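# Chain and residue survey
Spelled out, the chains give:
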Amino acid sequence: MRAQKIGLLGGSFNPAHEGHRQISLAALRILNLDQVWWLVSPQNPLKSTDGMAEFEDRLAAANNVAQHPKIHVSDFEARIGEQRTARTLASLKVTYRQHKFVWLMGADNMVQLPQWQNWEQIMELVPVAVFNRPGYMYKALNGKVAAKYRNRRILNGLGSDGRRRLAEMSPPAWTFLPETVIKLSSTQIRNYRDTTGNTCP
């Protein structure tokens, strides 16, 4: 496979939903990526197993939602037996040396990132793109991660969109995408199903 710029969207995908797809399409466009890979986690270490669908079911549902030639649903973490993002990224960089990766995450995850194992290693392994989530922009941009890497933030302005070159930059490098407000979450969908027995309208 030729060298490509690839966005990595990790998570439980419990379940995958249109918000994941919106993030992926926005990343392809704004960051000038060739592909986005959905890394479906066998189990998020920070989340309870209660209410967690079987891995195979989550993988199949993600494929049903993705429905785009540039979005690839991956079982990479299950194949290497890994749940920790830092280790997954390190393995991806070794396995696919020809590619340039960008980690994609919501502003809510940026706020929680210091709770992740070896979170600084994540920032220093690959460039990171942070998507706006309602109620989290201020917390994300004034939190521990943004403070530590304030001088490594890539801004868009003055007629030059550095974000389109993010994948090619040496980490740590990160950017915040305020124009991409993702409102839907997997938790909302699960709660809606629990109360109505239906999927979200």
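See the structure printed just above.
Structure report, in brief. Here the structure is a predicted model, which means the values were calculated and not measured.

Moving on, we get to the overall build of the chain. A tally of helices and strands in the chain yields 9 helices and 8 strands. Within the chain, the fraction of its 201 residues that count as buried is 47%. Considering only contacts in the chain between residues 6 or more positions apart, those separated by 24 or more positions represent 73%. Carbon together with sulfur atoms contributes 46% to the accessible area of the chain, which is approximately 10,300 Å² in total.

We now examine helix H2 (residues 55-66). One turn of an α-helix holds 3.6 residues; hence residues three or four places apart share an orientation. In a regular helix each residue adds 1.5 Å, so 12 residues correspond to 16 Å; H2 covers 16 Å between its end C-alpha atoms and thus fits that length. Those residues of H2 that fall on the buried side of the exposure criterion are Phe55, Arg58, Leu59, Ala62 and Ala66. For H2, the angular spread of the buried residues around the axis is 100°, confining them to a single face. H2 presents Glu56 and Asn64 as exposed residues on the side facing more than 90 degrees away from its buried surface. Each element contacted by the buried residues of H2 is listed here: helix H1 (18-30), strand E2 (35-40), strand E3 (71-74) and helix H3 (76-80). Following H2 by one or two positions, glutamine 67 has its phi on the positive side, about 45°.

Quick look at the sheet that holds E2 now. Here 6 strands make up an open sheet; going across it, the order is E3-E2-E1-E4-E5-E8 and the pairing parallel. Each edge of the open sheet is held by one strand with a lone partner, namely E3 and strand E8 (174-181). Sheet twist, expressed as the average angle between the axes of neighbouring strands with direction ignored, equals 25°. Bridge analysis of strand E5 (residues 128-132) against E8 gives 5 bridges, and the strand direction is parallel. Its bridge partner being in E8, alanine 129 is matched across the sheet by threonine 175. On top of the sheet, H2 reaches E2 and E3; it is set at about 155° to E2, its chief contact. On top of the sheet, helix H4 (residues 85-95) reaches strand E1 (5-11), E2 and strand E4 (100-106); it is set at about 155° to E4, its chief contact.

Conventions used here
- Residues numbered from 1 in each chain as written.
- Predicted model: local features only at pLDDT ≥ 70, side-chain atom pairs only at ≥ 80, totals over all residues.
- Heavy atoms only, no water.
- Helix = DSSP H or I, 4+ residues; strand = E, 2+ residues; numbered from the N terminus.
- Buried < 20%, exposed > 50% of the residue type's maximum accessible area, 1.4 Å probe, protein only.
- Contact = heavy atoms within 4.5 Å.
- Areas by Shrake-Rupley, 256 points an atom, 1.4 Å probe, with all protein chains shown as cover.
- Expected span 1.5 Å × (residues − 1).
- Arc of directions from axis to C-beta.
- Pairing = 2+ DSSP bridges.
- Axes fitted to C-alpha atoms, helices over the stretch in contact; angles between N-to-C directions.

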